[in-house]
Structures are given as C-alpha cells and as structure tokens.
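Below, each chain spelled out in residue letters.
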Amino acid sequence: MNYTVCRSFEWLYPDVYEYKTASDRAVFSACAGGFAAFQIFLTGIYGESITVSCDGAELYEEIAIPVEANAGLERESEHFPERKAPFEVYDCLKPYGGEIRSVRGVAAVYVALKVPCGVKELSGTVEIRDGAETVFVPYHITVKGSLPKETLKIVMGLNLHNIKKYHGVQSREEYLELETKYLSMLRRQHQNRLYVNAPFPDINGDEEPVYDEFDRYVEKALSMGFNAFHLGGVGFRRSWDSHEILVMGMDSREKQARAFLKRHLSALRNHLKEKGWLEGDMFTIGIADEPNEYNAETYKELARFVREIIPEIKLYDAVSAAPIDGALDIWIPRSDEYENNREIFEKRRKAGGEIWQYVCLFPRDGYINRFMDIPLLSTRYIYWGNYLYDLDGYLHWTVNDYQSDCDPFKISCPAHLNADKLSILPPGDDKLIYPGEREPWMSIRLENQRESAEEYEMLKLIARKDKSAADSLCRRGLRKFNEAQYDPCEFARLLEDLYSEYERV
C-alpha cells in the first residue's frame, strides 16, 4: 500500500496518481480553535477496504462523484476546465464509519485535525491498515494565532423540502434531527444567515397566517449562532424579457396583488415587532430576484410599495447593473457584474448601500466559482474576492437544491428551469452538501469555503495594522475575479506567509 499526502485545496481523482502538493507528510500552519485539514491518497490497497485512526481528528472517506459534462463552458482557457468531462472527482466527504472501501485498489481520506487552544504545535500520525500492512502518515502543524472572529455576512440557500425528500424522512423527530445536522454543517463553514419564508395569509383574506413554524425555525437558528435572516422575494419575474413581476400569480401592479401584499407585509411587520425582531438588521426582505432592464421600472415601483409598508426592514436582492438606483439597501451583484460595472455599484455604496457578491451557474469562463471541473482553488478564493473589493457579504442560491429528481451522487449537471429559461447547470452548482446515510455529507468544496472565510478574516485583521501587506498577500492569490494563481504549490507558500503575517497582528 502506497500513500501520498496532498493539501486540502487540490482536487484528487481516482484515476490520477501524481499531484503537485504531494508529500510523505503533512506540514503546514493553522489557527488554534480551527481545523488543520489535508488529504491522503492511497494506492495498491490489498483487499476491498482499509481502516484509519488518528487521535483528535475528524476522518472522512472521500467519495468519487461523476462529472458528466463541462456544461455551460463556452470558451476554454487554462484551468477552465481543469479536466474535460467525463471523469470522476473526489468531492463528497463521508464521515468515517469504521472502514473505507477501496475501488480498484485506490482510496482517499480527508483528515480534519481540531487544533486546540494553548498549543504552539501539533504532531502525530494517521494510522492506516489494509489486510496486508500498516502505514503511518506523519503530520506536524504549527499553530499561529487563534481563529478570527466572524464578520463576513454569508447566506446560501438550504432546501428544507429536499432534506425530507432525499432522506426519506418518516417522522417529525427524524426531520428535526436532520435539520439540526444541516444547520450545524452550515455553521461549521461560517454561514451566519439563512433564507426563511414567512407564512402567507390566505389569498382571499379568510384566514390569517400562522407563525408557529416560522418562529420555531428562527429561534432554533438563533440558538445555533445564526444572526440574520433573508425573507424571500415578494415577487418573481414572469419571464426574462417581460415587464411584469408576479405576486402570487398576479401582476404586481394590479389592485388585488397590492391588497394581498399589504395584508401580508403588515401582518409580518406586526409579528416581527411583537417578537422583538424588527430592530436592527435581523431581517431583510427581497423584492424579485435578479431584476433586469425589462422589468426595472416595475421593480422600482414594487420596492417603493414594500418600503412604505415595512420601512424598518432593509431591501436586498441579487442584481445586475440594471437601472434601479435607489430601490435597495443591500446590492448583491454577480461577481463579474460587479467587476464590469464597478462605477455603478460604488456609486450605490457611496449613497449608503451595502455591496455584496454572488455567483450561480454564472460567471463561468475563467471566473472563480464553485464548480467541480475548475480548480478547487477557485472555490477557495471566493471570499478572498470579498476582501479584494471590500464586499460586505456573499450569497448563493443553494447548497442542496438537487434538480429534477436527479441522484446527486450520480448527476452533476442537471437541467434547471428559471422562469422561462431552461439551463444545464455546471457541475456541482446545485450542491455543496450531499444527502448521506441518515445525515448530510459535506463536499470538499464546502470545506474550502470554510477555510476561505477564515482567510478572509485573517486578511481583514492584517489590514487593520498594515493594509498594504494584506493587499499584497491577497493579490498574490487573487487579482481579479477572473485572474488568480492556480498553482497549488504557490498557494501553499502564500498561505504560510499569510499565517506568519497574521501571527504578528
């Protein structure tokens, strides 16, 4: 049995045996209170399984996921794609359950060492056994400072229906246990905000909304460390080239639609006030996702109407550079839209708005994103982009919106319908979490977003003392959303310099 240690930010494949960060041991820096993570690639395994042990570590079996197409990639360039489909890549992390199965004599292990506070270094071995021999994989972690405090605002969609559906939930108790596990997984990667839908009143006005489940979910999330909630958009586009925005199937400008919205938002405002949740920025509300030049005037009119009814709550949306100045408080442009229209969004910032970033199935060609056919470092750089452009937050539409009854372990590029537009999603866009056996399973991309969030906070703290040093470190990795350093060995050296600079803060 042979092994290779690789860093957490380099993709592993079941049919590739050589890697740029390959070593016979794990040696790098980490923060106290966080994790020191690395991968072990194993070949020449005797038999069908191995066992693994390591004191103080979370251990995971890496599951290879097929990528059937380089969907959405129109222009190829270096690293885009990192590999042409079809292929399999180790993306899914299954918690170690006593053995790890090998496939054709190959397996991969993800090791996440919890770094205790009060120590300067952490050394030991990972013991791996197959039916014929035992190997000991050494590690030495240098501890430089403590995990920074969260400040970045992060929200990604959690599909609660899919928790029930893909786990075959049979009881309320089973669902609530799974819900807790999913929320805990999001908190692990420093997500601190959630999408939440307030109950709608009866459209005919015969019944008032019941807030029991809404309150339960919000209170549970608050107890787990989430601190803010994004209410879904009050409307939605009819089509991408329509002037209309629909509210419960009605044109938002119609009298009946306005009456319904007023009743709904007034009831919501009163409930939040009674709960003490109306103060501050605990709740924000969307108008209609991704407005464009066709529905811009309708959008602004609807935003004014919502603001009149519930003025205490800030308005947000994922947006383009469409002419909707003054409509929102929190502007969330797609990363390429921000970069290509910085003057527009910086003007909105100067007017008092917050500026975030989002990605979805776009941007694709050459841009950092979280797809499975581009460098894993591309995912790692996502929150470095927030530092680079001083963006307050990050939004993504989903972590588990598996499409069209597709098996997420077998299909990575499902079809997705948005209004009247059907797209084939790039690999992995609909998932960062897999529906495992009685529990959610992380992806290695989710883990890289965790580490990215921590590195963002390190850069911010360094910048308080020496902004030029923080800027220089950032630009050694990410210079623009579509211009990054993709050599994992260079990134490893950059990380060591980042930790050394952070230790001096």
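Here, the structure is the one placed above.
Scope of this entry: the structure provided in the associated data block. (Residues numbered from 1 in each chain as written. Predicted model: local features only at pLDDT ≥ 70, side-chain atom pairs only at ≥ 80, totals over all residues. Heavy atoms only, no water.)

Turning our attention to the side chain of serine 335. Looking at where serine 335 falls in the secondary structure, it is placed in helix 6 (residues 335-340). Residue serine 335 is classed as buried on the basis of its relative accessible area, which comes to 1%. The residues touching serine 335, leaving out its near neighbours within four places in the chain, are Gln357, Tyr358, Val359, Pro363 and Phe481. (Helix = DSSP H or I, 4+ residues; strand = E, 2+ residues; numbered from the N terminus. Buried < 20%, exposed > 50% of the residue type's maximum accessible area, 1.4 Å probe, protein only. Contact = heavy atoms within 4.5 Å.)

Among the surface-exposed residues, Phe200, Ile203 and Met248 lie close enough to one another that they form a single nonpolar patch of about 250 Å² accessible area. The exposure class assigned to phenylalanine 200 is partly exposed, which follows from its relative accessible area of 40%. (Patch = residues over 30% accessible without salt bridge, like charges linked within 9 Å, V, L, I, M, F, W, Y side chains within 5 Å. Areas by Shrake-Rupley, 256 points an atom, 1.4 Å probe, with all protein chains shown as cover. Salt bridge = Lys/Arg side-chain N within 4 Å of Asp/Glu carboxyl O.)

Next up on the list: the nonpolar core. With 130 residues, the main nonpolar core has Phe214, Leu231, Phe283, Val306, Tyr381 and Trp384 as its most contacted residues. A total of eight residues in this core trace back to one element, the largest contributor, which is helix 10 (residues 444-465). If you look at the next biggest cluster of nonpolar residues, it comprises 29 residues, including Ala26, Leu59, Ala107 and Val137. (Core = buried A, V, L, I, M, F, W, Y, C linked by side-chain atoms within 4.5 Å.)

Counting across every chain of the model gives 25 aromatic pairs. Measuring from centroid to centroid gives 5.2 Å for tyrosine 383 and tyrosine 394, while their planes differ by 85 degrees, and the two rings are edge-to-face. Residue tyrosine 383 is located in helix 9 (residues 382-389), and its partner tyrosine 394 is located in strand 22 (residues 393-396); the two are separated by 11 residues in the primary sequence. On the basis of relative accessible area, tyrosine 394 is assigned to the buried category, the value being 0%. Judged by centre distance (5.7 Å) and plane angle (55 degrees), the rings of tryptophan 384 and phenylalanine 491 are tilted. Placement of tryptophan 384 in helix 9 and of phenylalanine 491 in helix 12 (residues 488-503) is noted, with a sequence separation of 107 residues between them. Tryptophan 384 sits in the buried class, given a relative accessible area of 0%. Linked through ring pairs, Phe9, Phe80, Tyr381, Trp384, Tyr486 and Phe491 together constitute an aromatic cluster. Sitting over the ring of phenylalanine 305, arginine 258 keeps its end group 4.6 Å from the ring centre. (Phe/Tyr/Trp six-rings, centres within 6.5 Å; stacked < 30°, edge-to-face > 60°. Lys NZ or Arg CZ within 6 Å of the ring centre and 35° of its normal.)

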